[in-house]
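Chain by chain, the residues run as shown.
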Amino acid sequence: MPRGGGAPSRIASAVRARSSMKVLGYNGGLDGYVARFGSSHDSAAALVIDGELVAAAEEERFNRDKHSGAFPIRAMEHCLKEAGLRGFEELDLVCYYHSHDRMWQPGMIRENAPRMSPLGRALLTGAVSGLRAVHRASKLDDARTARTFVERTGWAPPPGKYRVLWHHLAHAASAFYESPFERAVCVALDAQGESHSSTAFVGDARGLHLVDETYAPNSVGYLYQSITYFLGFETGDEYKVMGLAPYGDPARYRRFFERVVRTGAGGRFVIDPEWLGWLVVRDGLMRAGSGYPSSMLRELGMPRRDDEPIEQRHMDLAAALQEALERAVMRWLATLRDRTGEKHLCLAGGVALNCTMNGKIARSGMFDGVHVAPASHDAGTAAGAALYGYHAILGGAPKMPVSERRAKVYLGPSYTTMEARSAVREMRHAVRASRPGDLARAIAEAVADGKVVGFYQGRMEWGPRALGNRSILADPRRADMKDIVNHAVKLREGFRPFAPAVLIEEANDWFDLTGLGGESPYMLFTVPVHEHRRDRIPAVTHVDGSARVQTVRREDNPRFHEILRAFFDITGVPVIMNTSFNVKGEPIVNTPMDAIRCFLGTQIDLLVLDDLILDKRAVVVDRPSRTRDQSVAQTA
Ligand SMILES: [Fe+2]
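The protein chain goes by Nodulation protein nolO in an unreviewed UniProt entry, where it is assigned to Sandaracinus amylolyticus. Entered under Sequence similarities (unreviewed entry) in the UniProt record, the comment concerning the protein chain runs "Belongs to the NodU/CmcH family."

Structure (C-alpha cells):
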C-alpha cells in the first residue's frame, strides 16, 4: 500500500549498509522554576543521519498530554527504533536546544531599560537581576542539563558527544537546513528564547552566522500573547486571535498600535516601553485587568473574560494587532534583506506559525523565496539542533544547493497492517470493517456524500499540522460542513476557519500562490482563494476570502493525492477540507487504537485505517460523553 513518507526498514538498512553520522536533537524536559514558568513545552526528539532528517516526533503524541514539556524519552525511542539503532551508544552526537547559561543576560536590561520610565527601568532591572539570582540559586546550568540526559536515558555520552546549543540557533537551523536554498537570511521569531525575542542569521555552506538580535521583553511574540490574554484566550491561543482578525476592521485601533509598536534602529521593532513592564505582572494580574498599562485600558476598555461574548471591538482589536505584527516584522525583514543582500528567507519560531503574516511576506515579493519550518514551534528546535550538530559541529557535508529538496514531514511512527488489524480485532464489538477494492474512490465518494471521515495512514506528521496521514476529511463545497465537523468532533470556536488540501496540479486555478513558487505543502501560508472559486468551497474559505492551503504532490503522499484526484473526478472540485485528527484539548492521534477511540468517541462517520474502512456498531462509545448518545443514534 502507498504510504506517506519513507518506510522505516529502508532507513534501517541504509544505516546498517554503511558507516554514517547519526545526530540526535531534542528539546523540552526542563525542570525547576523554568518549567513552572511554562518554558518547557512541546518536547520532541529528532534524528539526523548523514544530513537527512529520518525521524522526528513530539512527546505529546506518546504520553497524550497536549503540549507536553516532559523529557522526550518516548520520542527519542521512536527515533532510535525508526533508524534501527540498538541504543543511544550508537549515536555520534546529541544536541540540546536550550542553554541555561544564556538566560537573563544583561542585554535584556541594556537594550530595554534606556527607553523606560524610572519606574519601568527599576521593575525590569529588578526582575531580570532577581531571576538571574533565582537561576543561580536553583543551580540550573548546562551541566545539569547533561546530567538529566544521562539519568533519563541511562547513557553517558563520551566527552564531546553531548552539546548544548541555544534556542534561536536551533530554530534558525530547523528552517535553513531543510530549505531549498543554498544561502538565506534565517530569522527566529518567538516570545522569548533564553534572553532573546528575535534573531537573524545568514545561513550558508559554512553554517549560520548571527547578524541581528533583539532582547526580550521587547518582543512581538509577547505583544501578541498579551492581546491574546486581553481577548479572553489562553497561552498558546494566538492562532485563535489570528483567525478572529479577518472579522475586524484594523482602522479602529490602528493608531493605538502605531504608538505601541514602533520601528527603531536597524528596522527592529520597538514595543512601547510602558508595555515592557508587563513582564513582571504577567498572566494572573493581566487577566484580572490590573496588570495592563492604564493608557491601554483607557483606549481599549476592559479585557474580555473568557465567558463573555466576542464583540466587534474584540474583532477590531485582533485585526489591528495582526496588522501591527505584519508591519513590524516586514519592516525588519526589509532592512535585513538590504543589509545582508540575501534573496531568500527562512523563518522559524512560534511567531512563524502565523500563517497570515507568512502569506503577506511571501506575496510582498520582498524575497525571491520563503521557507517556513513545518515545525516552527519549539518542537522544531529538536530537528534544528540535530541538523546543526551534523553540519556545523561534526563537520558533515555542507549544505548544498538542493533546489528539488523538500522538507520532510512524515517522520513520526507508523504501524504495520498487522498492528492496525489487531486494533480492529480488539474493538470488533464496536466497529465493522470492510476493505473496498478502490479505497481512494470509496473515501472520495463518502466525502462527496457529506460524510466526515477520519483518515489514518503511514507515518505521523512532524509539526502541528495534519497533512494527510492523521487527518479528518470533509466536503469543502458545503457551507454547513464547518459546523458539522465542529459539532461532530472538533468542538472549537465557530469563527475559526478550516483548511483545504488541493491537488498540486490544480492549485493555481483555485488559489493565488504568488510568491510561493506555486505550492504550499505544509499549510503555513494563508493565501487568497480566487474570487470566482470562493462560492465553490465555502467551508474552507475564510470570511476575508483567504485559506490556509496545503498543496499535495503525488510523490509526497500518493494515497492522499489519489483521494483528491478521485474527489475531483466525482465533483469537479480538487479540494478537500483537511483538519487534524483529534478532539479539542487532545494531541493528534498516534496509534491505530488512538484513532479508533477518537472515532468512537465522536461523530466521525467513517474511519479509514490503513486499507480498511470502519464504521460503528450501535454499541458503547468512549468519549467525550456529550457526543455519546448522538454517536450511538446515528449508527445502527
Ligand atoms: Fe522558541
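Caption draft 1: How the structure looks around the coordination of the iron ion. Protein-derived coordination of the iron ion comes from His167 (NE2), His171 (NE2), Asp190 (OD) and Asp378 (OD), at a distance range of 2.1 to 2.3 Å. Seen from the iron ion, its four donor atoms lie at angles of 89 to 167°, and the figure they make is irregular. The sequence pattern formed by the donor residues of the iron ion is H-x3-H-x18-D-x187-D. Highlighted residues: His167 in helix H8 (residues 167-176) and Asp378 in the loop between strand E12 (369-372) and helix H17 (380-393), separated in sequence by 211 residues. Among the residues examined, His167 registers a relative accessible area of 3% and is labelled buried.

Caption draft 2: Summary view of the domain arrangement of the protein chain. Examined at the domain level, the protein chain breaks down into domain 1 (8-103 + 140-178 + 375-393), domain 2 (213-372) and domain 3 (417-634). Taken over C-alpha atoms, the centre of domain 1 sits 30 Å from the centre of domain 3. Each side of the interface is counted separately: domain 1 has 21 residues, and domain 3 has 14 residues. The junction of domain 1 with domain 3 conceals about 1400 Å² of combined surface from both sides, 57% of it contributed by carbon and sulfur atoms.

Caption draft 3: Broad picture of the pairing of strand E3 (residues 52-58). When you tally the buried positions in E3, you get six out of seven residues, the bulk of the element. Of the pairings in the sheet, the one linking strand E2 (residues 44-49) to E3 comprises six bridges and is antiparallel in character. Considered in E3, the bridge of Ile49 is made with Glu52. Connecting E2 to the next strand, E3, in antiparallel fashion are two residues, including Asp50 with a positive phi near 50°.

Caption draft 4: Seen up close, the packing of helix H18 (residues 417-426) against helix H23 (residues 592-600). Where H18 contacts H23, the axes come no closer than 9 Å and their chain directions differ by 40°. With respect to each other, H18 and H23 are oriented oblique. Between H18 and H23 the crossing geometry is right-handed. In contact with Ala420, Ala423, Val424 and Glu426 of H18, H23 contributes Pro592, Met593 and Ile596. For the contact of H18 with H23, the residue count by class is six nonpolar, no polar and one charged.

Caption draft 5: Summary view of the environment of Arg61. Tracing the sequence through the fold places Arg61 in helix H3 (residues 60-63). For the pair Arg61 and Tyr522, spaced 461 residues apart in sequence, the C-alpha to C-alpha distance is 19 Å. Every residue in contact with Arg61, bar those within four places of it in the chain, is listed here: Met460, Glu461, Gly463, Pro464, Pro587, Ile588, Asn590 and Asp594.

Caption draft 6: Fine view of the sheet that holds strand E4 (residues 93-96). Spatially, five strands are ordered E3-E2-E1-E4-E5 in an open sheet, and the strand pairing comes out mixed. Taken across any chain shown, the strands that pair with only one partner, and hence form the sheet edges, are E3 and strand E5 (162-164). With direction set aside, neighbouring strand axes in the sheet form an average angle of 15°. Sitting on the sheet, helix H4 (residues 73-82) is in contact with strand E1 (22-27), E2 and E3, with an inclination near 150° to E3. Against the sheet, helix H7 (residues 142-153) contacts E1, E4 and E5, and its axis sits at roughly 135° relative to E5.

Caption draft 7: Main features of the pattern of salt bridges. Following the criterion strictly, the structure yields 33 salt bridges and no others. The shortest N-O distance in the salt bridge between Arg339 and Asp212 comes to 3.6 Å. Residue Arg339 is found in helix H15 (residues 312-340), and its partner Asp212 is found in strand E8 (residues 207-215); the two are separated by 127 residues along the sequence. Arg339 sits in the partly exposed class, given a relative accessible area of 47%. What makes Asp212 buried here is its relative accessible area of 5%. In this structure, the salt-bridge partner of Arg565 is Glu505, at a minimum N-O distance of 3.8 Å. Of the two residues, Arg565 is situated in helix H22 (residues 558-571) and Glu505 in the loop between strand E16 (500-503) and helix H21 (507-510); the sequence distance between them amounts to 60 residues.

Conventions we followed
- Residues numbered from 1 in each chain as written.
- Predicted model: local features only at pLDDT ≥ 70, side-chain atom pairs only at ≥ 80, totals over all residues.
- Heavy atoms only, no water.
- UniProt positions renumbered as here; feature names shortened; annotations may be inferred.
- Donors = N, O, S within 2.8 Å, 3.2 Å for Na, K, Ca; no water.
- Tetrahedral: all angles 85-135°; square planar, octahedral: opposite > 155°, others 65-115°.
- Helix = DSSP H or I, 4+ residues; strand = E, 2+ residues; numbered from the N terminus.
- Buried < 20%, exposed > 50% of the residue type's maximum accessible area, 1.4 Å probe, protein only.
- Domains from an automatic or database assignment.
- Contact = heavy atoms within 4.5 Å.
- Buried area = accessible area lost by both parts, 1.4 Å probe.
- Pairing = 2+ DSSP bridges.
- Axes fitted to C-alpha atoms, helices over the stretch in contact; angles between N-to-C directions.
- Parallel < 35°, antiparallel > 145°, perpendicular 65-115°, else oblique.
- Left-handed = near helix turned anticlockwise from the far one by under 90°.
- Nonpolar A, V, L, I, M, F, W, Y, C, P; charged D, E, K, R; others polar.
- Salt bridge = Lys/Arg side-chain N within 4 Å of Asp/Glu carboxyl O.

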